[in-house]
Amino acid sequence: MSDYDLYYWPIPFRGQLIRWVMAYAGATWAEHDAQEVIALYKDDPDSQPLPFMAPPLLHDAKADVWMSQLTAVLSYLGDTHGLMPISPADRAATVKLICDANDVLNDITRGGGEKLWTQAAWDDTGLPRLTRWMAIFEQGAEAQTSVLGRDALGLADLVNAALWHTMTTRMHMLRPVLDTHAPMIAAHADRIAALPALAEFDRQELARLGDVYCGGQIETSLRHVLNMPERTSDGPI
Ligand SMILES: N[C@@H](CCC(=O)N[C@@H](CS)C(=O)NCC(=O)O)C(=O)O
């Protein structure tokens, strides 16, 4: 039996933040396929194991705990695997970074693909908001209260690295943008991504999922405004 069951689409995106924490912690998990995800996601709230709106959904098999909402899932894993800081200020700073990361993901997909990117929308709001987010992460990392890069690696380090490494390797045209607007964040993400367990995991994920990032038409439109070729992955999304 695996330690966890992950119900998420076969794409990196939000799920990758969760996967990185589990991979770093040495936990095992079962990836449930899109049909199983859809079955739970479309089920009536009174039949769902935990009433939830949208994946990711995580099941801790031993404790029989179900959790949805990215921030709640990551906090749960952080506490379970000793990666969450202890002081209230550091815990809140970690949760704040996770919420910021989730907002970045929302922004870069125009609210989960509610609208597709046009060049005008990307130039007017997409890129300016993304570079502002990068500056926010960079300034946050420089602050005395930062929960990044401390002696003991913590949940914030993993979330920060999973967010920016995954985005700028799959959407590689964004790497120079990150280097320009958040060089410390880029270097931090590189350091964490080079840890043997995470480097090996990312290699396996590229083999499993190909070059897909957020999937669907929103990824096609994002690639278009970034002047990137169509994705080549032949996965289900
Ligand atoms: N607030 C939720 C958002 C979840 C979410 O938007 N999930 C996406 C995939 S990343 C989805 O499948 N959305 C479908 C829907 O909202 O119906 C979280 O942080 O987990």
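Novice: Explain the sheet that holds strand S2 (residues 29-32) to me, please; I cannot follow it from the model alone.
Specialist: Hydrogen bonds along the backbone pair up the strands of a sheet, which may run parallel or antiparallel. Strand order across the open sheet formed by 4 strands is S2-S1-S3-S4, with mixed pairing between neighbours. With one partner strand each, in any of the chains shown, S2 and strand S4 (65-68) form the two edges of the open sheet. Here the average twist between neighbouring strands, direction ignored, is 20 degrees. Both strand S3 (residues 57-60) and S4 contribute to a ladder of 4 bridges, which runs antiparallel. Within the sheet, the bridge partner assigned to Leu57 lies in S4 and is Ser68.

Novice: Can you help me understand the domain arrangement of the protein in this one?
Specialist: Taken as a whole, the protein is organised into domain 1 (4-80) and domain 2 (88-225). Per-element tally for the side of domain 1 that touches domain 2: the top contributor is helix H1 (residues 13-25), with 8 residues. Across the side of domain 1 that touches domain 2, the residue classes tally to 12 nonpolar, 4 polar and 1 charged.

Novice: I keep staring at the packing of helix H6 (residues 119-142) against helix H9 (residues 183-193) and nothing clicks. Help me out?
Specialist: For any two helices packed against each other, one specifies the inter-axial angle together with the distance between the axes. Running from N to C, H6 and H9 point in directions that differ by 75 degrees, and their axes come no closer than 8 Å. Here H9 runs roughly perpendicular to H6, going by the angle between their axes. Along the contact surface, H6 presents Met134, Phe137, Glu138, Ala141 and Glu142, while H9 presents Met184, Ile185 and His188. Residues belonging to the contact of H6 with H9 are distributed by class as follows: 5 nonpolar, 1 polar and 2 charged.

Calculation rules
Residues numbered from 1 in each chain as written. Predicted model: local features only at pLDDT ≥ 70, side-chain atom pairs only at ≥ 80, totals over all residues. Pairing = 2+ DSSP bridges. Helix = DSSP H or I, 4+ residues; strand = E, 2+ residues; numbered from the N terminus. Axes fitted to C-alpha atoms, helices over the stretch in contact; angles between N-to-C directions. Domains from an automatic or database assignment. Nonpolar A, V, L, I, M, F, W, Y, C, P; charged D, E, K, R; others polar. Parallel < 35°, antiparallel > 145°, perpendicular 65-115°, else oblique. Contact = placed C-beta atoms within 7 Å.

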